[in-house]
Amino acid sequence: MDIVKPARVRFAPSPTGHLHLGGARTALYDYLLAKKTGGQFVLRIEDTDQKRLVPGSEAEIMHGLRWLGIPYDEGPDIGGRYGPYRQSERRDIYAEYTRRLIDSGHAYYCFCTPDRLERVRQDQQKQKISPHYDGTCRRLDVDEARRRVINGERHVVRFKTPKEGTTTCYDLLRGKIHVENQNIDDYILVKSDGLPVYHLAATVDDHEMEITHVIRGSEWLPTFPLHTLITRALGWEELQYVHLSVFLKPSGKGKMSKREAADLMKDGYSIFIKDMELLGYLPEAVVNWIALMGWSYDDHTEFFTMPDLVDKFSLDRLNPSPAAINFTKFDYFNAVHIRNLDIDELARRLLPYFESAGVAVSFDKLRQIVPIIRERITTLDEAPEMTAYLFKDTVDPDPEALIPKGMTSRQASEIIQHSLGIFEEMDRINLETAEPIIRELGEKLGFTASQTFWVLRVAITGQKVSPPLFESMEILGKESSILRLRKALQKLDEV
Ligand code: GLU
């Protein structure tokens, strides 16, 4: 399975909905194979099923790929040598190949009405045989059929599947697949509106665009023999195919329904790429996570950046078994990738989350904040709330919360009073200057460090759990820190 020649690989979504994890994973593997081999990654929009088109979907796919860091080398909006890259703009090409298939006896016109086909289907159902076209128009004389077409009779074009023998296709992941030809239907290739169906359009385009590898979902396995038969009928070389495993819902039981997918948002998750940014996920984490949902490098390496993946990706490490979507793992990867960003980069990424939370913060202030939160956040959107105390004039701690378990309000006041004395004398409060002195103070007063810091933490941040105390005081500055301590003292007096 070693690939030495540059691969031309395409991602060929139908613009019928949101770009989701499954599509993004296919695009990622396409991209990795192309980059790894020095080839090209092509985006082709498969929009021949006009009824299913969803406005905005194509733009969402393009934006999603760019956001993920999976840019394409050729595509509808950037062009390329093999364009157009939208199937609706390639009708003439399909018409030409349809003609060739008919001329060579590999396809035929079919005039059966939907009513007739429905009756055939019902009869087959009664006889308990699987539904298929009964071949009525297969037997028509070609010239006669052409005349009917010229006369404007409504028709489709069907593939003339051989009735005997076996078709053998080869999937890089699954090996040889044998199918008895009698089990392959005479599929429609061109619909009555004159547009080709996916099977014809994709097969033609893969050849015309000189694609070398087709990576796609396993839902296309049942029609894989048809694609192989079309390719052979046109006398073309066969490509390398990989049908990827499916994604299962987190429980591992079945595929996720539309409803279940929509419900995920309330728990802060999504399977749609468009939601990831809003939910505070990094594209690096999405990429790392989906890369491992169907591929592995070895049995232990988990952290991968895009350059690592380009370096290490290979088709022979793909796994054909279905993968359950694991959001806990996703959170883990996000946290790891957050920590992997340098301070400036993380500050830059966090800025929009503060803006949308309505918190005015300068880039410099964010640079100060980043070191105290980056080990504590799992998603970027958590940062504004976690650091809200740094942006308020004062905080309003619950007086009871200021008193650690087993201590009295007087003891808590004592800690604050003595600390105030120390802080007032200091020029600058930070971890190095304040921590040892306050620790020592606590000991002298007969308290543990955790009791001492508890009182000060709640006074300064208003929270029992918060980013580190002295670093927070440094960001707040001496004046604001002292005001907060005085206010806490007053509150304790009122208990
Ligand atoms: N248009 C098909 C889809 O949306 C593409 C399948 C393929 O890659 O061949 O799934």
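Residues numbered from 1 in each chain as written. Predicted model: local features only at pLDDT ≥ 70, side-chain atom pairs only at ≥ 80, totals over all residues. Heavy atoms only, no water.

1. Considering the pattern of salt bridges
Now for step 1: As enumerated under the stated definition, the model contains 37 salt bridges in all.
Now for step 2: Between Glu 74 and Arg 8 there is a salt bridge, with its nearest N and O atoms 2.7 Å apart. Placement of Glu 74 in the loop between helix 2 (57-68) and helix 3 (91-103) and of Arg 8 in strand 1 (residues 8-11) is noted, with a sequence separation of 66 residues between them.
Now for step 3: Given a relative accessible area of 8%, Glu 74 falls into the buried group.
Now for step 4: Judged by its relative accessible area of 7%, Arg 8 falls in the buried class.
Now for step 5: Here Arg 367 ties to Asp 344 by a salt bridge, and the two come within 2.4 Å at their closest N and O atoms. Pair noted here: Arg 367 is in helix 14 (residues 363-373) and Asp 344 is in helix 13 (residues 343-356), with a separation of 23 residues, a long-range link. (Salt bridge = Lys/Arg side-chain N within 4 Å of Asp/Glu carboxyl O. Helix = DSSP H or I, 4+ residues; strand = E, 2+ residues; numbered from the N terminus. Buried < 20%, exposed > 50% of the residue type's maximum accessible area, 1.4 Å probe, protein only.)

2. A look at helix 16 (residues 409-425)
Now for step 1: Counted at 1.5 Å a residue, the expected span for helix 16 with its 17 residues is 24 Å, and the 25 Å between its end C-alpha atoms agrees.
Now for step 2: Turning to helix 16, its buried residues number three or more, namely Ala 412, Ser 413, Ile 415, Ile 416, Ser 419, Leu 420 and Phe 423. Taken around the axis of helix 16, the buried residues stretch over an arc of 155°, which confines them to a single face. Of the residues in helix 16, the exposed ones pointing more than 90 degrees away from the buried face are Arg 410 and Glu 425.
Now for step 3: Tucked inside the fold, the buried residues of helix 16 contact helix 17 (431-445), helix 18 (449-461), helix 19 (469-476) and helix 20 (478-494). (Expected span 1.5 Å × (residues − 1). Arc of directions from axis to C-beta. Contact = heavy atoms within 4.5 Å.)

3. Regarding the sheet that holds strand 7 (residues 188-190)
Two orientations exist for strands paired in a sheet by backbone hydrogen bonds: parallel and antiparallel.
Now for step 1: In spatial order, the strands read 3-4-7; together these three strands make up an open sheet with antiparallel pairing. Among the strands making up the open sheet, the edge pair consists of strand 3 (107-110) and strand 7. The average undirected angle you get between the axes of adjacent strands in this sheet is 45°.
Now for step 2: In this structure, strand 3 lies alongside strand 4 (residues 156-159), joined through four bridges in antiparallel fashion. (Pairing = 2+ DSSP bridges. Axes fitted to C-alpha atoms, helices over the stretch in contact; angles between N-to-C directions.)

4. As for the packing of helix 18 against helix 19
Now for step 1: Close contact between helix 18 and helix 19 brings their axes to 10 Å; oriented N to C, the two are set at 35°. Here helix 18 and helix 19 pass one another in a crossing that is left-handed. Counting all contacts with helix 18, which are made through Phe 453, Leu 456, Arg 457 and Ile 460, the residues of helix 19 involved are Leu 469, Phe 470, Met 473 and Leu 476. (Left-handed = near helix turned anticlockwise from the far one by under 90°.)

5. A word on the nonpolar core
Now for step 1: Counting 109 residues, the largest nonpolar core has Leu 350, Ile 416 and Phe 423 as the members making the most contacts within it.
Now for step 2: Residues within four places of Ile 416 in sequence aside, it is in contact with Val 455, Leu 456, Ala 459, Leu 485, Ala 488, Leu 489 and Leu 492.
Now for step 3: The next biggest cluster of nonpolar side chains, apart from the first, holds 29 residues, and it includes Tyr 97, Leu 101, Tyr 133 and Val 157. (Core = buried A, V, L, I, M, F, W, Y, C linked by side-chain atoms within 4.5 Å.)

6. Remarks on the packing of aromatic side chains
For any pair of aromatic rings, geometry is given as the distance between the ring centres together with the angle between the planes.
Now for step 1: The tally for this structure, following the rule as stated, stands at 15 aromatic pairs.
Now for step 2: For the ring pair Tyr 31 and Phe 41, a centre distance of 6.0 Å and an interplane angle of 85° mean the geometry is edge-to-face. Remark: Phe 41 occurs in strand 2 (residues 40-43) and Tyr 31 occurs in helix 1 (residues 21-36); sequence separation between them is 10 residues. By the burial criterion, Tyr 31 is buried, and Phe 41 matches it.
Now for step 3: Arranged with centres 5.4 Å apart and planes meeting at 55°, the rings of Tyr 332 and Phe 333 form a pair that is tilted.
Now for step 4: For Phe 333, a relative accessible area of 2% translates into the label buried.
Now for step 5: An aromatic cluster of at least three residues, connected via ring pairs, comprises Tyr 29, Trp 295, Tyr 297, Phe 304 and Phe 313.
Now for step 6: One residue, Arg 148, lies across the ring of Phe 111, its end atom 4.1 Å from the ring centre.
Now for step 7: Between Lys 312 and the ring centre of Tyr 297, over which it is positioned, the NZ or CZ distance is 5.4 Å. (Phe/Tyr/Trp six-rings, centres within 6.5 Å; stacked < 30°, edge-to-face > 60°. Lys NZ or Arg CZ within 6 Å of the ring centre and 35° of its normal.)

7. Overview of the state of the cysteines
Now for step 1: Evaluated as defined, the whole model comprises zero disulfides.
Now for step 2: Of all cysteine sulfurs, the one in Cys 137 lies closest to Cys 112, which takes part in no disulfide; the gap is 3.7 Å.
Now for step 3: Owing to a relative accessible area of 16%, Cys 112 belongs among the buried residues under this scheme. (Disulfide = S-S within 2.5 Å.)

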